[in-house]
Amino acid sequence: MVIEISCIEVWREISNYIDDVVEPELRARMDAHFRVCKHCSAVLDGTRNVVKLIADGAEFEIPAGFGSRLYSKLNASLGKSKA
Amino acid sequence: MAASSVPTNDREAELIRRVSRGEHEAFYELVRPCERAIYFAAMGVLGNSADAEEVAQETILKAFKALPNFRFQAKFSTWIIHIAINEARAKLRKDHRHLYESIHPEQEREEGDYRPRDFADWRDIPSEELQRKELREALKRAMASLTPKNREVLILRDVQHLSIAETATILGITEASVKTRLLRARLRMRDALAPGIDGSWTTGSDEYKKVRPWS
């Protein structure tokens, strides 16, 4: 028998659930909750979408010219340290 | 940082040995794979691109000077990201920015449970029309709305894909704190991004699941 879990408890664990680091018993309780609670189900799907978006990485770009500026500074410093 | 030695890959170890023998060019090869991680770690703390770039440069210079003290107690990338985080935090303190952190109504309290918003009112914007540039801007704004503590964790876990353990080591916090801050960051991002785009984004991927409002 799966013991019911509250929405607040689900929200506390939703990030761990997405990362699959919850205990099996808790996972089963959360799964049962998601089947009947539309709000928490929407929170889960929306949060998963956000994690996937961020993980895509393409949306986070380093500034143009970052590499060349970085290595110019490093060159200048290495040049001084060689002298 | 852990006291015991951590196996680092052979290539990194060889490059570090070459740098210590005076082959400074090897340092470029060592750092190049970490550039992006360093920049985003600094960005996580500082929240703006110009400062993040400045700190990234300082980090690399500092790492070069500190390399003789590197004892393989962590992976090289973990070690240099740790330097980046410390440099970024030092800049925040130096600029006294921590004293002027704007507390706007939407910024979540750090104590207590975070309650994700209930979106009963959806704007009529089809997700297909959302441009990549708009999405990037929306992500930036959402990231900027996070507290630095939560943003740091989000960057390391979800942008850099570091493990919970590595993230805890770099930030000098417990794994439990990593999980708590990550939870708050993710829910805050979801709340900031969801309105008006019904919970799905077009990026050419079929993976994203449309989130429908409940009736």
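The numbers attached to residues start from 1 for each chain and follow its sequence in the written order. Naming scheme: in the order in which they are written, chains are lettered from A and ligands are numbered from 1. Per-residue local features are limited, in this predicted model, to residues with pLDDT of at least 70; the limit for side-chain atom pairs, both in listing and counting, is 80 or more; totals at the level of whole chains, interfaces and linings are taken over all residues.

How should I be thinking about the overall build of chain A in this particular structure?
Helix and strand counts for chain A come out as four helices and zero strands. Each helix corresponds to a stretch of at least 4 residues labelled H or I by DSSP, and each strand to a stretch of at least 2 residues labelled E; elements are numbered beginning at the N terminus. Going from the N terminus to the C terminus, chain A shows its helices and strands as α-α-α-α. Contacts are defined on C-beta atoms placed from the backbone: any two residues whose C-beta positions lie within 7 Å are in contact. Considering only contacts in chain A between residues 6 or more positions apart, those separated by 24 or more positions represent 58%.

I would appreciate a short explanation of the interface of chain B and chain A in the present structure.
How large an interface is tends to be reported as the accessible area lost when its parts come together. Taken together, the contacts link 40 residues of chain B with 34 residues of chain A. At the level of secondary structure, the elements contributing two or more residues to the side of chain B that touches chain A comprise α3 (35-46), α4 (49-66), α6 (132-144), α7 (148-159) and α9 (175-193) of chain B. With eight residues, the top contributor of residues to the side of chain B that touches chain A is α9 of chain B. All residues other than Ala, Val, Leu, Ile, Met, Phe, Trp, Tyr, Cys, Pro, Asp, Glu, Lys and Arg, Gly among them, are scored as polar; the first ten of these are nonpolar and the last four charged. Among the residues forming the side of chain B that touches chain A, the class breakdown is 21 nonpolar, six polar and 13 charged.

How should the packing of helix α1 (residues 7-18) of chain A against helix α2 (residues 24-36) of chain A be read in this particular structure?
The relative placement of two packed helices comes down to the angle between their axes together with the axis-to-axis distance. Residues and elements named next belong to chain A. Lines fitted to the C-alpha atoms define the axes, with helices restricted to the stretch that makes contact. Angles between their N-to-C directions range from 0 to 180 degrees. At a minimum axis distance of 11 Å, the contact between α1 and α2 shows a crossing angle of 115°. Put simply, α1 runs roughly perpendicular to α2. In terms of crossing hand, the pair formed by α1 and α2 is left-handed. Two secondary-structure elements touch here, α1 through Val10, Glu13 and Tyr17 and α2 through Leu26, Arg27, Met30 and His33. Partitioning the contact of α1 with α2 into residue classes produces four nonpolar, one polar and two charged. Angles below 35 degrees are treated as roughly parallel, those above 145 as roughly antiparallel, those between 65 and 115 as roughly perpendicular, and all remaining angles as oblique. By convention the crossing between two helices is left-handed if the near helix lies anticlockwise of the far one by an angle smaller than a right angle, and right-handed if it lies clockwise.

Looking at this structure, I do not really get the confidence of the model for chain A. What am I missing?
Any residue range with low pLDDT should be treated as having predicted coordinates unsuitable for detailed reading. Scored by pLDDT, chain A comes out at a mean of 87, with 89% of its residues at no less than 70. When pLDDT is averaged over each element of chain A, α1 of chain A comes out on top at 96 and helix α4 (residues 66-82) of chain A at the bottom at 81. For every residue, the predictor assigns a confidence score, pLDDT, that lies between 0 and 100.

Can you help me understand the nonpolar core in this one?
It is characteristic of soluble globular proteins that their nonpolar side chains tend to be buried jointly. Residue and element names in this part refer to chain B. By size, the foremost hydrophobic cluster in this structure holds 61 residues, and its most contacted members are Ile38, Ala41, Ala42, Ala56 and Ala84. Top contributing element to this core by residue count: α3, with nine residues. Counting contributing residues per domain, this core is built from domain 1 (10-97) and domain 2 (127-193), each supplying no fewer than three. In this usage, the nonpolar core is the set of buried Ala, Val, Leu, Ile, Met, Phe, Trp, Tyr and Cys residues whose C-beta atoms join them within 7 Å. Working definition of burial: number of other C-beta atoms within 10 Å of the residue's own, with buried at 20 or more, exposed at 12 or fewer, and partly exposed in between, all C-beta atoms being placed from the backbone. Domain limits in this description derive from either an automatic procedure or a database domain assignment.

When you look at α7 of chain B in this model, what are you seeing that I'm missing?
Owing to its 3.6 residues per turn, the α-helix aligns residues three or four sequence positions apart on the same side. Residue and element names in this part refer to chain B. Most of α7 sits inside the fold, with 10 of its 12 residues counted as buried. Among the residues of α7, Asn150, Arg151, Glu152, Val153, Leu154, Ile155, Leu156, Arg157, Asp158 and Val159 are the ones counted as buried. Downstream of α7 by one or two residues, histidine 161 has phi in the positive range, about 60°.

I would appreciate a short explanation of the confidence of the model for chain B in the present structure.
Residues and elements named next belong to chain B. Mean pLDDT over chain B stands at 78; residues scoring 70 or higher make up 73%. The low-confidence segment residues 120-126 (pLDDT under 50) makes seven contacts with residues lying over four places distant or belonging to another chain. Predicted complex, confidence summary: ipTM 0.85, pTM 0.76.

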